[in-house]
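Below, each chain spelled out in residue letters.
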Amino acid sequence: MSIADPLDPPPRLLCGPGPSDVEPAVLAAMRRPMLGHLDPAFHAVLDEVIVLLRAVWRMPDGDVMALPATGTSAMEAGLANLLEPGDTAIVAEAGYFGRRIADIAERHGARVVRVTAPWGETVPNDALLDALDRHPAARLVAVVHAETSTGAQHPLRELGTALLGTDALLLADCVTSLGGIPLDADAWGIDYAFSCTQKCLAAPPGMAPVAISPHAWARIRARRAPVPFSLDLELLRRYWIERPAVYHHTTPILAVYALHEALRRILAEGLEARWARHAAAGAHLQAALGDRGLELVADPVRQLAPLTAVRVPDGVDGKAVQGQLLAAYGIEIGGGLGPDAPPMWRIGLMGPNATTHTADRVLGALDAVLEREPVLA
Ligand SMILES: Cc1ncc(COP(=O)(O)O)c(C=O)c1O
């Protein structure tokens, strides 16, 4: 007798801050025959993933690979490799994930200069450049390109341009931007960019694409303090990129197949077309929320397309609304993240869900929950 039946998870429309829905073709890719992580046939798969990732990151010169990790570990890998104890790091903190970068950098012994802005805004680039003037030996400037906790987009291209010619490295959290909004890692001068598979790439969680510039590699190779083994980018590079591959860890083979298929589909659609699709869906949702008198958290000038944070109206129990959307409509949206977050709903339109049709489904369900039975706090 079995102690558990096979899993039968309920169907959901995943319109929260991530994970997003996975297309059937991506799920199907995970049913292809398993290979071993040291099989040359699998290394040929990795080689193809690298070509695809280069195109999606737009990183022709540096290196790309995918860590066996989620976004947080890729964040930590970047900080652990680029910083040594005692180094100064300037971190833009305008939400939950900016703070996480600063906290992790501190855990690795860096002196962190936190340059802050209120939730929904972005830290002005001038404030980051002022901090760099005050700390000219700073190794690193770190920002979140798409702050999923607020729905605000940092002007990353402008920051990268301003930092060109300085010795400071630029680390960018591109977890919610890669594959969803314009991003050009090489041209924008990003030295270490990281993302994850479960947002706009629309693959299951579990892998974290990274892009590493030659400037970042020079810094990594000059360091003296050792890096934690599992996060060591040089060892990861020897497995992912160098041939013959040198064993570092047992790659999540099926997750690599899923990533391969997801990237293939992104490039078949065309990066620009995909960005435009996300932009149209986000704009449609945001306009409709505005029509309903709902207020968005992000500064409208900085509003992200893939993630919209909406203030919960006074007197409404936001968590109860989320619960009803899930129970009655099978729709997942997010709430505020962390103790400082104002009451909010976070609606993600990412990957296959970046359509006006999906936006209308969420709006229809939200209307029904709010109107039929106003959920009062
Ligand atoms: C901007 C941002 N950075 C980092 C992370 C952490 O990623 P993960 O949850 O995959 O570890 C997230 C997750 O939502 C995120 O939105």
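Heads up: the structure comes first, above all this text.
Residues numbered from 1 in each chain as written. Predicted model: local features only at pLDDT ≥ 70, side-chain atom pairs only at ≥ 80, totals over all residues. Heavy atoms only, no water.

Is there a simple way to think about the environment of Y192 in this case?
With respect to the element layout, Y192 can be found in strand β9 (residues 192–194). Take Y192: its relative accessible area is 0%, and that puts it in the buried class. Between the C-alpha atoms of Y192 and N81, which are 111 residues apart in sequence, the distance is 10.0 Å. The contact partners of Y192, leaving out residues within four places of it in the chain, are L67, A74, A77, G78, L82, L170, L171, A172, V210, A211, I212 and L233. At a separation of 2.6 Å, a polar atom in the side chain of Y192 contacts the main-chain carbonyl oxygen of A74. (Helix = DSSP H or I, 4+ residues; strand = E, 2+ residues; numbered from the N terminus. Buried < 20%, exposed > 50% of the residue type's maximum accessible area, 1.4 Å probe, protein only. Contact = heavy atoms within 4.5 Å. Polar contact = N/O pair within 3.5 Å; in protein donor to acceptor, adjacent residues only side chain to side chain.)

What am I meant to see in the sheet that holds strand β10 (residues 208–212) here?
The strands that make up a sheet are held in pairs by hydrogen bonds between backbone atoms, and each pair lies either parallel or antiparallel. Pairing in this open sheet of seven strands is mixed, and the strands run β2-β10-β9-β8-β5-β3-β4 from one edge to the other. Only two strands of the sheet have a single partner each, and these edge strands are β2 (63–67) and β4 (111–116). For this sheet, the mean inter-axis angle between neighbouring strands, taken without regard to orientation, is 15°. Both strand β8 (residues 169–173) and β9 contribute to a ladder of three bridges, which runs parallel. Its bridge partner being in β9, D173 is matched across the sheet by F194. (Pairing = 2+ DSSP bridges. Axes fitted to C-alpha atoms, helices over the stretch in contact; angles between N-to-C directions.)

Would you mind going over the sheet that holds strand β11 (residues 307–311) with me for this structure?
On the basis of which strands lie adjacent, the open sheet formed by three strands has the order β11-β14-β13 and antiparallel pairing. Strands with a single pairing partner mark the edges of an open sheet, and in this sheet they are β11 and β13 (334–335). In the sheet, β13 pairs with strand β14 (residues 344–348) via two bridges, with the strands oriented antiparallel. Bridge assignment links G335 to a residue of β14, and that residue is W345. Most of the contacts of helix α10 (residues 271–291) go to β11, to which it runs at about 10°, and overall it touches β11 and β14.

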